[in-house]
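Coordinate inspection notes
Below, each chain spelled out in residue letters.
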Amino acid sequence: VARCQEVVHRATGITPGLFRPPKGHLSPTSLLVPRLLGLRTVNWTLGVRDWACRSADEAAAAAAALERQAAPGQIIVLHDDNRFLLQILDQVLPVFRERGYDLGSAAACL
């Protein structure tokens, strides 16, 4: 975790203040180590199984579910290793902007 902090800082000039445990798994270690490093552990509050999308239709359905379920203050998990991620974002980001959601605050928390 400390090495990751250093890499992110070198690459961006920002030292993250948040930690999301891998796969969202909370354990004594995933709670204690970040705290010792001055990090706040956070997890997502909304996921639409985007990682399971295997077609454009499934991605459209995931995006529609995200639009229906999203609410201010939620932390949404999406997976950048899914080839349909951009399709989902193209569909939901204009909707979120129209609703007035602040899509930039997370960066300020880093």
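One can find the structure itself at the top, above this paragraph.
The text that follows walks through the structure, step by step, so that each part is easy to find. (Residues numbered from 1 in each chain as written. Predicted model: local features only at pLDDT ≥ 70, side-chain atom pairs only at ≥ 80, totals over all residues. Heavy atoms only, no water.)

Counting residues in each nonpolar core, the largest one holds 13 residues, and the members touching the most others are V48, C53, L66 and I88. Breaking this core down by element, the ones donating at least two residues are α3 (56-69) and α4 (85-98). By residue number, the principal contributor to this core is α3, which donates five residues. If sequence neighbours within four positions are ignored, L66 has contacts with L46, V48, I76, L78, I88, V92 and F96. (Core = buried A, V, L, I, M, F, W, Y, C linked by side-chain atoms within 4.5 Å. Buried < 20%, exposed > 50% of the residue type's maximum accessible area, 1.4 Å probe, protein only. Helix = DSSP H or I, 4+ residues; strand = E, 2+ residues; numbered from the N terminus. Contact = heavy atoms within 4.5 Å.)

Looking at the element boundaries, Q5 is found in helix α1 (residues 2-12). Excluding anything up to four places from it in sequence, Q5 contacts T15, P16 and L39.

On the surface, V1, V33 and L37 cluster together into a nonpolar patch covering about 210 Å² of accessible area. Looking at the element boundaries, L37 is found in the loop between α2 (28-36) and β2 (40-41). Look at L37 and you get partly exposed, because its relative accessible area is 41%. (Patch = residues over 30% accessible without salt bridge, like charges linked within 9 Å, V, L, I, M, F, W, Y side chains within 5 Å. Areas by Shrake-Rupley, 256 points an atom, 1.4 Å probe, with all protein chains shown as cover. Salt bridge = Lys/Arg side-chain N within 4 Å of Asp/Glu carboxyl O.)

What the rule picks out here adds up to one aromatic pair. Centre to centre, the rings of F96 and Y101 are 5.3 Å apart; their planes meet at 40°, and the pair counts as tilted. (Phe/Tyr/Trp six-rings, centres within 6.5 Å; stacked < 30°, edge-to-face > 60°.)

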